[in-house]
Amino acid sequence: MEKKIEKNSELSEIVGDQKEYKYGFVTDIESYILPKGINEDTVRAIWAKRGEPEFMLEFRLKAFKKWKEMKEPRWAHVDYPPIDYQGISYYSAPKAKKKLETMDEVPEEVRDTFDKLGIPVEEQKRLSNVAVDAVFDSVSVATTHKKMLAREGIIFCSITEAMNEHPELFKKYIGTVVPTGDNFFAALNSAVFSDGSFVYIPPNKKCPIELSTYFRINTEGSGQFERTLIIADKGSSVSYLEGCTAPQFDTNQLHAAIVELVALDDAEIKYSTVQNWYAGDPETGKGGIYNFVVKRGQCRGKNSKISWTQIETGSAITWKYPSCILQGDNSVGEFYSVALTTGRQQADTGTKMIHIGKNTRSVTISKGISADHASNAYRGLVRVAPGAENARNYTQCDSMLVGDKSSAHTFPYIESANDSAQLEHEASTSKISEEQLFYFQQRGISREQAINSIINGFCKEVFNHLPMEFAVEAHKLLTLKLEHSVG
Amino acid sequence: MLEVKDLKAGLDGTEILKGISLNVKKGEVHSIMGPNGSGKSTFSKILVGHPAYDVLSGSVTLNGENLLEMEPEERALNGIFLGYQYPVEVPGVNNAEFLRMAYNEKLKKEGKEEVDPLDFDILLGEKMKLLGMDSRYKERSVNEGFSGGEKKKNEILQMAVLEPKLSILDEIDSGLDIDALKTVAEGVNTLRNKDTAIILITHYPRILEYIKPDHVHVLSAGKIIKSGDFALAHELEKTGYDSLVQMAAEKD
């Protein structure tokens, strides 16, 4: 079966054929970089530099004010030195002479970078079934398939374009799922965010192709603070995928993004992530991305559905909880996750399912794989509000340990204020053993294939929820990352 | 087919096999018997290249090729099969898929085209019928939650599918009731032919009533202390290992 699936060039490139992190290169391009540090002037400078509408200045300054009063949270099961927020540059963009009209006007170096990464930003090379928005450092450089989508009434553009071209729609939804003062990192993002993707699917429209954003951090010492906003109007549906890589630097880089999803009545949003940010040196733990991201979806309408699928293999630290607020009656939230940590990587990830509407249902399937000296924690909250009659949740979290120096942790939280709720939680921990691998070998199957097969078996339930062409590649990515850990 | 010369081997620096020589020809069934701790399982693990065990000296060739230099999977692809005493459970990996993977590796080695899941399903179904295995074992994870008897049958099923040149069956009779033992033995017998060989490792002579060996060797403290034909197995049944071990000790 698998062989018949045409390889998706985007992800097969993310995966690559080598064990080393192959996206560690830096693109040499003239960039506009804001001096390091943050204060009110920085926020104003970002606003001015980006030529944003007036209302955005207020939005940003309000967020900045809140952020200044907040303290960085430290409750996650991860360990990192204090972040110097004055040592980060909050805005970096490839220099462009004027506003980009067509793909050809994207600076050549940037186009080359995405070519090298296998992201087809040029129209003629684009994937036929995937529309791509490419974000380079802080700026969206190219969005493909725009015209075709526009004919369907679908808006797929950079967040900058959205606030300028569709201000009413933008204002109506931005910050409504993740308020500016929601938490420390959300406030920081709201104050300094640069670009990102915007999607609007009109009523009763099924988006005919996969939408995708590809994020690339290039400049050393810059943070990446992008923002994604997806709105599925009544009766519509969309499937969206994001992919991420970054160059190899010895310093840590902060990635504090926000993703907001809004599903109205009978709408469905499927959001998939394949994250392969630079993970730092596997021996010393030096460098790598701090992936501190706030992702939240709101099932605002009745019978709506939001589904998160994430394959997390990169970053020095992954700290995020893609969540669902199940507000509409009969709404459904799903979370399917594979988090792999190797070397010195750390992850504290999971989800929050907030049941508010009646007959709301949620499913959480989490698979954590931990190898070498890595640590992997699942943290999940299921909350049932007093009015959420007949809420149901099923949670399954499985951990797999490879070697004897890695660790796995589970922190489930259940808060139920309604007696009619049915909540189930299952957990397991297992190990890939030398005996299992040898058993395969004795039958003529290589260790690589053995690991592949065991991991695929372990993650099957999650891979099944990825768009098919990505599932094969995601599984290959995991195998490659694990290969040198097991033997 | 298999030539073992003065093989010394061990585990964690302890010498367990203290000079074993054995010659197995095509079409033969050899039984290696011996008390617990005599080195029977070590011998089988060494032949298949288990990484925990070390060869100290001696040589092993398979059809003239140096077996000890091959990776475990290479040995398997050259036709060596180990039927496990304690088959390994692999949760999440579908039994039929596992077998198809192994079968395809063999086909690849032979320069043949891989078999697709549908054709393989038919082949597997025939082999399972032969062993009286329920077809639901196809869809279950490899050995996970199988009873002792089903695990052993599953080993023989793999042997039947892979058709190895040399099968080493390690205590394939342990933990089996008499019916299961008969089925397993019948399965092995149908796989016997003039081109393949079997090394049957066992503690109890009982299984030899069902799978009749051409040669019987008694292993004690890492050495073959006596070799003979099927009659030796009968002798052992009467006298037990102790007297044989004692006699060997006196000879030294």
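Values in this document were obtained by computation on a predicted structure and should not be read as measured data.

### A short note on the side chain of B:Arg100
All names here are of chain B. You can see Arg100 is positioned in helix H3 (residues 95–109). Overall, the relative accessible area of 15% leaves Arg100 in the buried class. Here the side chain of Arg100 touches Val115 through a polar contact of 2.9 Å, landing on its backbone oxygen. Setting aside chain neighbours within four positions, we find Arg100 in contact with Val115, Asp116, Pro117 and Phe120.

### Overview of the pattern of salt bridges
Oppositely charged side chains are able to pair whenever their charged atoms sit close together. With the rule as written, the count across this model stands at 32 salt bridges over all chains. B:Glu110 is paired through a salt bridge with B:Lys106; the nearest N and O atoms lie 3.4 Å apart. Put simply, A:Arg50, A:Glu52 and A:Arg60 are held in one network by salt bridges that share partners.

### Description of the pairing of strand S14 (residues 305–312) of chain A
Residue and element names in this part refer to chain A. Most of S14 sits inside the fold, with seven of its eight residues counted as buried. As judged from the eight bridges shared by strand S12 (residues 268–275) and S14, these two strands associate in the parallel manner. Each residue of the ladder has a partner; that of Glu268, found in S14, is Lys305. Pairing between S14 and strand S17 (residues 332–341): eight bridges, direction parallel. Residue Thr309 lies in a different strand from S17, and its bridge partner there is Tyr336.

### Focus: empty space enclosed by the protein
All names here are of chain A. Applying the stated criterion across every chain yields a total of four cavities of 30 Å³ or more. Of the volumes computed, that of the largest cavity is approximately 90 Å³. Around the largest cavity sit 14 residues that line it, and Ser366, Gly368, Asn376, Ala377 and Tyr378 are the ones nearest its centre. Listing elements by their share of the lining of the largest cavity, those giving two or more residues are S17, strand S19 (361–370), strand S20 (375–384), strand S21 (392–402) and strand S22 (407–416).

### Digging into the interface of chain B and chain A
Listed as interface residues are 29 residues of chain B and, on the opposing side, 19 residues of chain A. When chain B packs against chain A, the two sides together hide about 2,100 Å² of surface, and 60% of this comes from carbon and sulfur. Inspection of the region where chain B meets chain A yields one salt bridge. As a salt-bridge pair, A:Arg443 and B:Glu155 come within 2.7 Å of each other at their nearest N and O atoms.

### Here's the deal with the packing of aromatic side chains
One pass over the full model with this rule turns up 23 aromatic pairs over all chains. Arranged with centres 5.6 Å apart and planes meeting at 0 degrees, the rings of A:Tyr290 and A:Phe292 form a pair that is stacked. A:Phe292 matches A:Tyr290 in its accessibility class, with the two residues each being buried. Residues B:Tyr103 and B:Phe120 carry aromatic rings whose centres are separated by 5.6 Å and whose planes lie at 45 degrees to one another, so their mutual orientation is tilted. Linking B:Tyr103 in helix H3 with B:Phe120 in helix H4 (residues 117–130), this pair joins segments that are 17 residues apart in sequence.

### Some remarks on the sheet that holds strand S3 (residues 29–33) of chain B
Residue and element names in this part refer to chain B. The strand order S6-S9-S10-S3-S11-S12 describes an open sheet built from six strands, whose pairing is mixed. Of all strands in the sheet, those bounded by a partner on one side alone are strand S6 (80–83) and strand S12 (223–228). Across the sheet, the mean angle from the axis of one strand to that of its neighbour is 20 degrees, orientation sign disregarded. Examined bridge by bridge, strand S11 (residues 215–220) and S12 share five bridges and lie antiparallel to one another. The partner of Val216 across the bridge, within S12, is Gly228. The sheet strands contacting helix H6 (residues 148–162) are S6, strand S9 (166–170) and strand S10 (197–202), and the helix crosses S6 at an angle near 165 degrees.

### A few points about the confidence of the model for chain A
Residues and elements named next belong to chain A. Averaged over chain A, the pLDDT score is 83; the fraction of residues at 70 or greater is 79%. Of all helices and strands in chain A, the one with the weakest mean pLDDT is helix H1 (residues 9–15) (40), whereas strand S16 (residues 323–326) scores best (98). Long-range and interchain partners of residues 97–101, a stretch whose pLDDT sits below 50, account for five contacts in this model, where long-range means more than four residues apart. Of the regions scoring below 50 in pLDDT, residues 123–128 engages in 15 contacts with residues more than four places distant in sequence or in other chains.

Rules used throughout
Residues numbered from 1 in each chain as written. Chains lettered and ligands numbered in written order. Predicted model: local features only at pLDDT ≥ 70, side-chain atom pairs only at ≥ 80, totals over all residues. Heavy atoms only, no water. Helix = DSSP H or I, 4+ residues; strand = E, 2+ residues; numbered from the N terminus. Buried < 20%, exposed > 50% of the residue type's maximum accessible area, 1.4 Å probe, protein only. Polar contact = N/O pair within 3.5 Å; in protein donor to acceptor, adjacent residues only side chain to side chain. Contact = heavy atoms within 4.5 Å. Salt bridge = Lys/Arg side-chain N within 4 Å of Asp/Glu carboxyl O. Pairing = 2+ DSSP bridges. 1 Å grid on protein atoms, 1.4 Å probe; cavity = no way out; pocket = protein on both sides within 12 Å on 5 of 7 lines; lining within 4 Å. Points joined across faces, edges and corners; volume = space filled by probe spheres on them. Buried area = accessible area lost by both parts, 1.4 Å probe. Phe/Tyr/Trp six-rings, centres within 6.5 Å; stacked < 30°, edge-to-face > 60°. Axes fitted to C-alpha atoms, helices over the stretch in contact; angles between N-to-C directions. pLDDT = per-residue confidence, 0-100.

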